[in-house]
Amino acid sequence: MKKIGLFFAIVFIYSCSQPKPPKNEWHIVLKTDRDGSVLHGSKGDLINAIRNGQDLKIGWGGKRKDFSIEHISEPIWLAILSEQEVMAHLDPQVLSGIDWDSLNASYEDTSLLQKEWRVVLTTKGDFDAVWYDKKVDTLIRRWPQKHIMTWFAQGSQEKEGVPFFSKP
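Residues numbered from 1 in each chain as written. Predicted model: local features only at pLDDT ≥ 70, side-chain atom pairs only at ≥ 80, totals over all residues. Heavy atoms only, no water.

1. A short note on the overall build of the chain
Part 1 of the argument: Counting its secondary structure elements, the chain contains two helices and 13 strands.
Part 2 of the argument: Burial statistics for the chain: of 168 residues in total, 30% are counted as buried.
Part 3 of the argument: Expressed as a percentage of contacts within the chain between residues at least 6 apart in sequence, the contacts between residues at least 24 apart total 52%.
Part 4 of the argument: Total accessible area on the chain stands at roughly 11,800 Å², and carbon and sulfur atoms take up 55% of it. (Helix = DSSP H or I, 4+ residues; strand = E, 2+ residues; numbered from the N terminus. Buried < 20%, exposed > 50% of the residue type's maximum accessible area, 1.4 Å probe, protein only. Contact = heavy atoms within 4.5 Å. Areas by Shrake-Rupley, 256 points an atom, 1.4 Å probe, with all protein chains shown as cover.)

What follows is the structure in structure tokens.
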């Protein structure tokens, strides 16, 4: 009888513990509000994921009365700033048009093909976007913004990351 009680106790404890995500599963390591205040996870977890070479994705979006849009992107370049904040550059994107009535995207306006959108963002909620005309090498528009951001990492963090400037 004692063995059965012990068995159920072990099963109960095991079922209540939170398992680590599988090595290939994406999970949120950090979600911040528009001012960079942490809503979920931690900036330390994000920095650790970067130092351990985990793949990352960043999600953000906006909602107005007449439409909403959500984006997710993999950064092409990351920096850890003073071991406190993270800065990420996204891959430049050729601009497309969006027909908000039909919710279709297209390159029908071929004048957009020479223009691209570039962005740098941080864990402080900063999102600095520029529209750039490659053909005439000119900045068209700069639009600094603040966004709620969600940072995802792939896999589980099994070890503490070491700063890249440290000796082994």
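Having put the structure on the table, let's press on.
2. As for a negative patch on the surface
Part 1 of the argument: A surface patch of negative charge is lined by Asp99, Asp101, Glu108 and Asp109.
Part 2 of the argument: Look at aspartate 101 and you get exposed, because its relative accessible area is 80%. (Patch = residues over 30% accessible without salt bridge, like charges linked within 9 Å, V, L, I, M, F, W, Y side chains within 5 Å. Salt bridge = Lys/Arg side-chain N within 4 Å of Asp/Glu carboxyl O. Lys, Arg positive; Asp, Glu negative; His and termini not counted. Charge placed at Lys NZ, Arg CZ, Asp CG, Glu CD.)

3. What about the sheet that holds strand 1 (residues 26–32)?
Part 1 of the argument: Strands sit in the order 2-1-13-3-4 across an open sheet of five strands; the sheet is antiparallel. On the outer flanks of this sheet lie strand 2 (38–41) and strand 4 (68–73), each paired with one strand and no other. Pairwise comparison of adjacent strand axes, ignoring direction, gives a mean angle of 20° for this sheet.
Part 2 of the argument: Strand direction decides the pairing type here: strand 3 (residues 56–63) and strand 13 (residues 149–154), joined by five bridges, are antiparallel. Bridge pairing in strand 13 links isoleucine 58 to tryptophan 151.
Part 3 of the argument: In the packing of helix 2 (residues 43–51) onto the sheet, the strands contacted are strand 1, strand 2, strand 3 and strand 13, and the crossing angle to strand 1 comes to about 135°. (Pairing = 2+ DSSP bridges. Axes fitted to C-alpha atoms, helices over the stretch in contact; angles between N-to-C directions.)

4. Remarks on the layout of surface pockets
It is the rolling of a water-molecule-sized probe over the atoms that shows where space remains empty.
Part 1 of the argument: The calculated volume of the largest pocket comes to roughly 1,200 Å³.
Part 2 of the argument: Along the wall of the largest pocket there are 35 residues; nearest its centre are Trp60, Ile69, His71, Trp117 and Trp143.
Part 3 of the argument: Put simply, the parts of the chain that give the lining of the largest pocket at least two residues each are strand 3, strand 4, strand 7 (93–94), strand 11 (126–133), strand 12 (138–146) and strand 13.
Part 4 of the argument: With six residues, the single largest contributor to the lining of the largest pocket is strand 4.
Part 5 of the argument: Of the residues contributing to the lining of the largest pocket, the split by class is 16 nonpolar, eleven polar and eight charged. (1 Å grid on protein atoms, 1.4 Å probe; cavity = no way out; pocket = protein on both sides within 12 Å on 5 of 7 lines; lining within 4 Å. Points joined across faces, edges and corners; volume = space filled by probe spheres on them. Nonpolar A, V, L, I, M, F, W, Y, C, P; charged D, E, K, R; others polar.)

5. Regarding helix 2
Part 1 of the argument: Counting buried positions over the nine residues of helix 2 gives seven, a clear majority of the element.
Part 2 of the argument: Looking at helix 2, one finds that the buried residues are Lys43, Leu46, Ile47, Asn48, Ala49, Ile50 and Arg51.
Part 3 of the argument: For helix 2, the secondary structure elements touched by its buried residues are strand 1, strand 2, strand 3, strand 5 (75–81), strand 6 (85–90) and strand 13.
Part 4 of the argument: After helix 2 finishes, the residue glycine 53 shows a positive phi value of roughly 75°.

6. Some details on unusual backbone geometry
Part 1 of the argument: Although it is not a glycine, leucine 103 adopts a positive phi angle of roughly 60°.
Part 2 of the argument: With respect to the helices and strands, leucine 103 occurs in the loop between strand 8 (97–99) and strand 9 (104–106).
Part 3 of the argument: A positive phi angle, close to 55°, is found at aspartate 137, a residue other than glycine.
Part 4 of the argument: Looking at the element boundaries, aspartate 137 is found in the loop between strand 11 and strand 12.

7. Regarding the packing of aromatic side chains
Part 1 of the argument: Tallying each qualifying case throughout the model produces five aromatic pairs.
Part 2 of the argument: Linked through ring pairs, Trp60, Trp117 and Phe127 together constitute an aromatic cluster.
Part 3 of the argument: Just above the ring of tryptophan 26 sits the side chain of lysine 57; from NZ or CZ to the centre is 4.5 Å.
Part 4 of the argument: Here the guanidinium or amino end of arginine 141 rests over the ring plane of tryptophan 143, the centre of that ring lying 4.5 Å away. (Phe/Tyr/Trp six-rings, centres within 6.5 Å; stacked < 30°, edge-to-face > 60°. Lys NZ or Arg CZ within 6 Å of the ring centre and 35° of its normal.)

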